[in-house]
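Residues per chain, in single letters:
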Amino acid sequence: MATVELRFSAQPEHVRTARLVAAAVARRAGVDEAVLDEVRLAVGEACSRAVGLHRSHGITAPVTVVLIEDEKSFSIEVGDEVPGPGADGSVPGGVSGRRDPAPGVGPDEPEPEGDGEDEMGLAVISGLVDDVEVRSGAEGGVIRMSWPKTPVTVLP
């Protein structure tokens, strides 16, 4: 199992680099050429979302992208350090497909600007990737996306 880890400061201009690295590693890992555009777009959305979360919460820690090549699949994990559901014990295990509104925002209060963008980004990723998992907790969130590798044909 080969792993590549990329860490970058939460600046929008670094998202393009993450997309290019992800596509290059996916190609080398054996992901079908027809799927590489989806990989690029999904990684771009996930990284843009992480950058936005970091910037809106004043977090200076880097965004993390982990590219994992398994025997039959290629996975990408994009991590942020913004505490989400479960940070206060409200969600058992801290696993959720959606982040809670910012602290102090009740059901009758407007959600902070950007929460709709967060949900839109997750919707785009879900539309691009068949196998996607969103986790969040006290240490931050992770979006894990997986694609099957193209089987290698051996000629006799």
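None of the values given here were measured: they were computed from a predicted structure.

Peer 1: Help me understand helix H2 (residues 36–56) in this model?
Peer 2: Helical geometry: 3.6 residues make up each α-helical turn, so side chains three or four residues apart lie on a common side. Compared with the 30 Å implied by 1.5 Å per residue over 21 residues, the 30 Å span of H2 between its first and last C-alpha is a close match. Here H2 has its buried residues at Leu36, Val39, Ala42, Val43, Gly44, Ala46, Cys47, Arg49, Ala50, Val51, Leu53 and His54. Of the residues trailing H2, glycine 58 is marked for its positive phi of about 70 degrees.

Peer 1: What's the story with the pattern of salt bridges in this structure? I'm lost.
Peer 2: Oppositely charged side chains can form a pair if their charged atoms are brought close together. Throughout the structure, instances matching the rule amount to 6 salt bridges. For glutamate 69, the salt bridge goes to arginine 28, with nearest N and O atoms at 3.7 Å. You can see glutamate 69 sitting in strand S2 (residues 63–69) and its partner arginine 28 sitting in helix H1 (residues 15–29), a full 41 residues away along the chain. When its relative accessible area of 16% is taken as the criterion, glutamate 69 is described as buried. Assessed through its relative accessible area of 55%, arginine 28 is described here as exposed. Between arginine 144 and glutamate 77 there is a salt bridge whose closest N-O contact spans 2.4 Å. Within this pair, whereas arginine 144 is found in strand S5 (residues 140–148), its partner glutamate 77 is found in strand S3 (residues 73–80), the two being separated by 67 residues in sequence. Here the residues in one salt-bridge network are Arg28, Glu69 and Lys149, joined through shared partners.

Conventions adopted
- Residues numbered from 1 in each chain as written.
- Predicted model: local features only at pLDDT ≥ 70, side-chain atom pairs only at ≥ 80, totals over all residues.
- Heavy atoms only, no water.
- Helix = DSSP H or I, 4+ residues; strand = E, 2+ residues; numbered from the N terminus.
- Expected span 1.5 Å × (residues − 1).
- Buried < 20%, exposed > 50% of the residue type's maximum accessible area, 1.4 Å probe, protein only.
- Salt bridge = Lys/Arg side-chain N within 4 Å of Asp/Glu carboxyl O.

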